[in-house]
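Here is how the chains run, residue by residue.
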Amino acid sequence: MSRRVDDVIESVGFREADSDGRFLLVLKAVSPATRRVSKPQPWSTPHGRQAAKIIRQGTQTAITFDERRVPEFANFVAARLDRLYDEFSRAKEEDDTGS
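First, a word on what this report is: a plain description of the structure on this page. (Residues numbered from 1 in each chain as written. Predicted model: local features only at pLDDT ≥ 70, side-chain atom pairs only at ≥ 80, totals over all residues. Heavy atoms only, no water.)

Side note on the overall build of the protein chain
Move 1: The secondary structure content of the protein chain amounts to five helices and three strands.
Move 2: Along the protein chain, from the amino end to the carboxyl end, the secondary structure elements read α-α-α-β-β-β-α-α.
Move 3: The C-alpha radius of gyration of the protein chain comes to 23 Å, more than 25% above the 13 Å expected for a compact globule of 99 residues.
Move 4: Taken along the three principal axes of its C-alpha coordinates, the protein chain extends 60 × 40 × 20 Å.
Move 5: Per-residue burial over the protein chain gives 10% buried out of 99 residues.
Move 6: When the accessible surface of the protein chain is split by element, carbon and sulfur atoms take 54% of a total near 8600 Å². (Helix = DSSP H or I, 4+ residues; strand = E, 2+ residues; numbered from the N terminus. Rg over C-alpha atoms; globule rule 2.2 N^0.38 Å. Buried < 20%, exposed > 50% of the residue type's maximum accessible area, 1.4 Å probe, protein only. Areas by Shrake-Rupley, 256 points an atom, 1.4 Å probe, with all protein chains shown as cover.)

Let's talk about unusual backbone geometry
Move 1: The backbone of Glu72 shows a phi angle near 70 degrees, a positive value even though the residue is not glycine.
Move 2: Its place among the elements puts Glu72 in the loop between strand E3 (60-65) and helix H4 (73-79).
Move 3: For Glu72, a relative accessible area of 52% puts it in the exposed group.

So, helix H5 (residues 81-97)
Move 1: With 17 residues, H5 extends 24 Å between its outermost C-alpha atoms, agreeing within 8% with the 24 Å of an ideal straight helix rising 1.5 Å per residue.
Move 2: Positive phi shows up at Gly98, right after H5, with a value of about 75 degrees. (Expected span 1.5 Å × (residues − 1).)

With respect to the sheet that holds strand E1 (residues 41-44)
Move 1: Taken in spatial order, the three strands of this open sheet run E1-E2-E3, and their pairing is antiparallel. The open sheet terminates on both sides in strands that have one partner only, identified here as E1 and E3. Pairwise comparison of adjacent strand axes, ignoring direction, gives a mean angle of 25 degrees for this sheet.
Move 2: As judged from the six bridges shared by strand E2 (residues 50-57) and E3, these two strands associate in the antiparallel manner. (Pairing = 2+ DSSP bridges. Axes fitted to C-alpha atoms, helices over the stretch in contact; angles between N-to-C directions.)

What follows is the structure, encoded as structure tokens:
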């Protein structure tokens, strides 16, 4: 049994609950946590046009581009992901080494 189930079974609430209540307490302990979706964060161009949204959900982050406002910008960014990741890696190495 998982430690979470053991903790539930040993709790006062479990001992005081009826059969259905005990079942629900154990079910909640073994069910995966619900992932919360953050409110989308808008991103605007330096000229103030809202051009994208950053959406964080659980362990994933997505950027959605408004093709009406910035046509082809998504393609531009996608074509440069390798370079952006290299830049990120170099910056992270510098931070880790204290340079």
